[in-house]
Every structure is written in C-alpha cells, then in structure tokens.
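# An overview of the molecular structure
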Amino acid sequence: MNKCLSDKQVLLFLMLWDTTHFILDFFLNFLSASMRLKRNGSYTLNRKSKGKPNGKKPVPEEKKLYLEPEYTKSRITDFEFKELVMLPREIDLNEWLASNTTTFFHHINLQYSTISEFCTGESCQTMAVCNTQYYWYDERGKKIKCTAPQYVDFVMSSVQKLVTDEDVFPTKYGKEFPNSFESLVKKICKYLFHVLAHIYSSHFKETLALELHGHLNTLYIHFILFIREFNLVDPKETTIMDDLTEVLCSSSGSSGSSNGSGNGSGGSGSGSSSSSSAGAQNHVKER
Ligand SMILES: [Zn+2]
C-alpha cells in the first residue's frame, strides 16, 4: 500500500492544496454574493412549493433554467478534469477512491449548504429531481417518506459516519480497506449524485442569485467524470440528468456520451444511525 510514499505524499499535498483553494474561492464568492444581496435589500427568492408528495398528476415539464447556454458556460476553472480523475501511477486504487470520495462529500455538502435555507419541508416536500421522487429506507429496509432536507440530512449524516469510520476509510498506516469498500463508495456516490441533481432541479434559481452556478457546474463535471472513470454509479441512475451532463461534459474534454437508458426511479438508502463500525458499513444499502 505504501510502495512509493514520497510520490504519494506529494500528490496528496497537491490534492489538499487544490481542495483548500477551491473551498476558499467558494466561500469568498459566497460571502461577496451574500453581501451584495443584503445591500440590495429588495432581493427576494421565490419559495414556491413544488409538486405535492405522491401527487397523482404528473408535474408538467418546466423549462430547465440550468440548461440555458449562458449558464452552462459558467465554470470556475477550465481544468482538464478528465485527466485529474485518473488513477495516478503508484497510487493504490482504494486510497484514490477514498480521498476523492471524501473530498466530493465535503464539496457537495458545502454547495448544498449555500441553498439549504431555501430547501425546506415546505418548499421541497419530497426529494424530487425533475419528476422523479427518491425515498429513504431505514436499516430494516422500511420505506420512509421524507422531505428533501430530511433526505439530504440522512445522506450527509450517513456519509459523514462512513468517511470518519477508521474501519471503512482507514487513514492509519498499515490499516487495510474492508472488502465492502468499493460497494460502499458506489452507494455514497449514488446519494451524493441525488443531492447535486436536487440542487440543479429545485434550487438553480437560488444558486444563480448567489452567483454560484459556476461552482456548481465545475463540481458537477468533476464528479461525473470521476464516477464514470471508475464506474461508480449505474448509468441508469444518472440518466435523469443526461441532458445537463451532455452539455457540460462534452465541452469539458470528455465524450459526454450518455450511457444507458430508462428513467431513474426512486432511490433508496438506509438508515440513519447505528453506532458500531459493523453497523456503519450497512448504513447505505442497495435498493
Ligand atoms: Zn430542496
């Protein structure tokens, strides 16, 4: 696992630097946007309710603002993410997956936090992405009806537990990754995708008002190229956002091809909290 420690240390340092830079840049933009909003005073965000839970009538397809060319062009960097996500030589695959997954968790959590005050039980009565609803499943596999903020909270608290669990994401020298590691990473990525997709489908207006759409697009491209590179999420799961992926990733040095077909339907996951490390491994279940 540690054949080339010095190379690895350099690489991890570079990744850390990149992450820190990204987060600082993100916060500076967010702060300046917030200050602008306060100064202008008259700014109000539309908190219109979305479709009702279990509504029988299909919600008519709204125009997708996030597909407008003037917004899809926006990025914070033109970095060649396709190269950035590739496994570097001499780096252990699991180490690479662990490091990237943890970083994406923090970035997506941060991105969601910028609009979380608008993602309420009232505005988002279900975890909706376009016309699809996702449900959470508890540890016993029982379907839980929840609002979007509750769903995101389930996702973030489950992932937080996993990435800080030394038995699942080991950080100490000589400690091995569990056999279930890759499948857990896949499940984490699936739920993080749901959160990103929800931000686009339900909170793009707010993201635009905060002028954080460039960050969102950049994060999305980086994340999609990463999960593609290692086949971490079933293409059927991401079909729901293929129109966006096509536009963003095709202009980003990737093929942008849409794999798979069919409509994603209710996602699932499991449960909130059991405390032992063995329980933590079962936090996120296959639907
Ligand atoms: Zn929401």
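Procedures and definitions
Residues numbered from 1 in each chain as written. Predicted model: local features only at pLDDT ≥ 70, side-chain atom pairs only at ≥ 80, totals over all residues. Heavy atoms only, no water. Axes fitted to C-alpha atoms, helices over the stretch in contact; angles between N-to-C directions. Helix = DSSP H or I, 4+ residues; strand = E, 2+ residues; numbered from the N terminus. Parallel < 35°, antiparallel > 145°, perpendicular 65-115°, else oblique. Left-handed = near helix turned anticlockwise from the far one by under 90°. Contact = heavy atoms within 4.5 Å. Nonpolar A, V, L, I, M, F, W, Y, C, P; charged D, E, K, R; others polar. UniProt positions renumbered as here; feature names shortened; annotations may be inferred. Buried < 20%, exposed > 50% of the residue type's maximum accessible area, 1.4 Å probe, protein only. Polar contact = N/O pair within 3.5 Å; in protein donor to acceptor, adjacent residues only side chain to side chain. Donors = N, O, S within 2.8 Å, 3.2 Å for Na, K, Ca; no water. Arc of directions from axis to C-beta.

### Points about the packing of helix H4 (residues 93-115) against helix H6 (residues 181-209)
Running from N to C, H4 and H6 cross one another at 25°; their axes reach a closest spacing of 10 Å. When the axes of H4 and H6 are compared, the pair comes out roughly parallel. Pair H4 / H6 crosses with left-handed handedness. Residues Asn94, Leu97, Ala98, Thr101, Phe104, Phe105, Ile108, Gln111, Tyr112 and Ile115 of H4 touch H6, and the partners they reach there are Phe181, Glu182, Val185, Ile188, Leu192, Val195, Leu196, Ile199, His203, Glu206 and Thr207. Partitioning the contact of H4 with H6 into residue classes produces 14 nonpolar, 5 polar and 2 charged.

### Digging into the UniProt feature "binding site: Zn(2+)" (unreviewed entry) in the protein
Look at the UniProt record and you will see "binding site: Zn(2+)" (unreviewed entry) annotated at Cys119, Cys124, His198 and His203. For the residues just named, distributed over 85 residues, the greatest C-alpha separation is only 9.8 Å, placing them together at one site. The class of Cys119 is buried, set by a relative accessible area of 3%. Those residues within four positions of Cys119 in sequence are excluded, and the remaining contacts are Tyr112, Cys124, Ala148, Pro149, His198 and His203. Those residues in contact with His203 that sit more than four places away from it in its chain are Ile115, Phe118, Cys119, Cys124 and His198. A polar atom in the side chain of His203 sits 3.2 Å from the side chain of His198.

### Remarks on the coordination of the zinc ion
All of the protein donors around the zinc ion are Cys119 (SG), Cys124 (SG), His198 (NE2) and His203 (NE2); their distances to the metal are 2.0 to 2.3 Å. Read in sequence order, the donor residues coordinating the zinc ion give the pattern C-x4-C-x73-H-x4-H. In this pair, Cys124 sits in the loop between H4 and strand S1 (127-129) while His198 sits in helix H6, placing the two residues 74 residues apart along the sequence. For the residue pair Cys124 and His198, the accessibility class agrees, reading buried in each case.

### Comments concerning helix H9 (residues 242-250)
Turning to H9, its buried residues number three or more, namely Asp242, Leu244, Thr245, Leu248 and Cys249. The buried residues of H9 occupy an angular sector of 150° when projected down its axis, which confines them to one face. Along its buried surface, H9 packs onto helix H2 (69-72), H6, helix H7 (213-229) and helix H8 (235-238).

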